[in-house]
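Chain by chain, the residues run as shown.
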Amino acid sequence: MFKICSLFAGVGGIDLGFLNTKKCEIVYANEFDKYAVQTYEMNFKNKVDCRDIHDVKIEEIPEFDIMVGGFPCTSFSVAGYRKGFNDDRSGDLFFEMERIFKVRKPRVIFLENVKNLVGHDKGKTFSKIIKKLEDAGYKGKIKFQVLNACEYGNVPQNRERIYIVAFKNKKDFEKFNMPMPLPLKKTIKSIFDFKNSVDDKYYYTEGKYKGDIYEQLVKTMDDDNTVYQWRRKYVRKNQSNLIPTLTANMGEGGHNVPLIKTKNGIRKLMPIECFYAQGYPKTYKVPNTMSDAKLYKQAGNSVVVPVIERIATNIMEALENN
């Protein structure tokens, strides 16, 4: 079993993708958000180190073969402020990963981030990340690609992310390939519940919200095969029948609330459905004592599990062949 060190573990999407290969185990996981940790520990056997990554000493981390991490992307996201490494809140967190991998030199380093990381600051940010990996001993053994969930994960969400895989050994690198595209067979109806009624708080009803929001929704939402969004002043229909990219601020209203038309009325997605939209299994659990806003944030910050699993499967095959 390959041993994994998971940094910025969130609610465990990357970890789950790797564990689904049945060829690895999580020996260390770190996540600073105590609410995400609560959700993580409901679904995994291992306990999470909830300290600030800056306070974690290298010698406190057990031996591991693979480092995985989706370091916080707010600094590079189109939805964020795009301050990059100059962001006082999270811009330096990649360097905390570097602090560890340049000493421990794991056999594999797996990174996930927003698509915008590639072009941020005219490509300088991405080049700096690659240079740090090269300087740590991974030069000439790095593969990266932007993959969309709907094309590579059989998940009907338009979610493009950059995936970076760095190898310590040349032979491992040569055996590894990113996954090939898949036909999209799943639809939103295989993910969301269109038949049964849910809690009243998720429905839009006449007089519930200020202005003419409800009237506009009723007028525009005529298709139960796609997802809509309220864009502050108008309703937007997703013409490709895909779920728009889920974000961390879905629970804060505004233009980020995905909506569907069901036989019981127009409603926004429930938090657990947002996890399903990221490819989490129906067995995944979320705390019923936690606010919806926190759960929406956790789902929006997470990853598409099936895409991770496909990459992880190829990594495992490369390692086992050597």
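Thresholds, definitions, all that
Residues numbered from 1 in each chain as written. Predicted model: local features only at pLDDT ≥ 70, side-chain atom pairs only at ≥ 80, totals over all residues. Heavy atoms only, no water. Helix = DSSP H or I, 4+ residues; strand = E, 2+ residues; numbered from the N terminus. Rg over C-alpha atoms; globule rule 2.2 N^0.38 Å. Buried < 20%, exposed > 50% of the residue type's maximum accessible area, 1.4 Å probe, protein only. Contact = heavy atoms within 4.5 Å. Areas by Shrake-Rupley, 256 points an atom, 1.4 Å probe, with all protein chains shown as cover. Lys, Arg positive; Asp, Glu negative; His and termini not counted. Charge placed at Lys NZ, Arg CZ, Asp CG, Glu CD. Expected span 1.5 Å × (residues − 1). Pairing = 2+ DSSP bridges. Axes fitted to C-alpha atoms, helices over the stretch in contact; angles between N-to-C directions. Core = buried A, V, L, I, M, F, W, Y, C linked by side-chain atoms within 4.5 Å. Phe/Tyr/Trp six-rings, centres within 6.5 Å; stacked < 30°, edge-to-face > 60°. Lys NZ or Arg CZ within 6 Å of the ring centre and 35° of its normal.

(A) The arrangement of the overall build of the protein in detail. When its secondary structure is counted, the protein shows 10 helices and 10 strands. Its C-alpha atoms give the protein a radius of gyration of 20 Å, near enough to 20 Å, the size a compact globule of 322 residues would have. Each principal axis of the C-alpha atoms in the protein carries an extent, and together these give about 60 × 40 × 40 Å. In the protein, which comprises 322 residues, the share counted as buried stands at 52%. Considering only residue pairs separated by 6 or more positions, the protein has 69% of its internal contacts joining residues 24 or more positions apart. Summed over all atoms, the accessible surface of the protein reaches about 15400 Å², with 48% contributed by carbon and sulfur. Each charge class in the protein was averaged separately, 53 positive and 40 negative side chains, and the resulting centres sit 3 Å apart.

(B) Representation of helix α3 (residues 93–104) in the model. With 12 residues, α3 extends 17 Å from end C-alpha to end C-alpha; this agrees with the ideal 16 Å at 1.5 Å per step. Every buried residue of α3 is listed here: Leu93, Phe94, Glu96, Met97, Glu98, Ile100, Phe101 and Arg104. One or two steps after α3, the chain reaches Lys105, where phi turns positive at roughly 45 degrees.

(C) Molecular detail of the sheet that holds strand β1 (residues 2–7). Taken in spatial order, the six strands make up an open sheet running β2-β1-β3-β4-β6-β5, and their pairing is mixed. Of all strands in the sheet, those with a lone pairing partner are β2 (24–30) and β5 (142–148), marking the two edges. Pairwise comparison of adjacent strand axes, ignoring direction, gives a mean angle of 20 degrees for this sheet. Examined bridge by bridge, strand β4 (residues 108–114) and strand β6 (residues 160–167) share seven bridges and lie antiparallel to one another. In the strand pairing of β6, Asn113 is matched with Ile162.

(D) Summary view of the nonpolar core. By size, the foremost hydrophobic cluster in this structure holds 63 residues, and its most contacted members are Phe18, Ile66, Phe110, Val165, Phe192, Ile311 and Ile315. Among the elements that line this core, the one with the most residues is helix α10 (residues 305–320), at nine residues. Each residue touching Val165, except ones within four places of it in the same chain, is listed here: Val108, Ile109, Phe110, Lys141, Ile142, Lys143, Phe176, Met178, Ile311 and Ile315. Tyr28, Met67, Leu93 and Ala136 belong to the second largest nonpolar core, which has 29 residues in total.

(E) Examining unusual backbone geometry more closely. The residue Lys22 is not glycine, and still its phi comes out positive at about 65 degrees. One can find Lys22 in the loop between α1 (13–19) and β2. Of the residues examined, Lys22 reaches a relative accessible area of 67% and is grouped as exposed. Not every positive phi belongs to a glycine, and Asn241 is a case in point at roughly 60 degrees. Following the sequence through the fold, Asn241 ends up in the loop between β8 (235–237) and β9 (258–262).

(F) Structural detail: the packing of aromatic side chains. According to the stated counting rule, one finds 14 aromatic pairs in the structure shown. With a centroid separation of 5.2 Å and 50 degrees between ring planes, the pair formed by Phe167 and Phe176 is classed as tilted. One exposure class covers both Phe167 and Phe176, and it is buried. A network of ring pairs unites the aromatic residues Phe71, Phe94, Phe95, Phe101 and Tyr138 as a single cluster. Sitting over the ring of Phe194, Lys189 keeps its end group 5.6 Å from the ring centre. Geometry around Tyr35 places Lys294 over its ring, the cationic atom sitting 4.5 Å from the centre.

(G) Geometry of the environment of Gly10. In this structure, Gly10 sits in the loop between β1 and α1. Placed 251 residues apart in sequence, Gly10 and Lys261 show a C-alpha to C-alpha distance of 31 Å. With residues up to four places along the chain from it excluded, the contact list for Gly10 reads Glu31, Ala36 and Tyr40.

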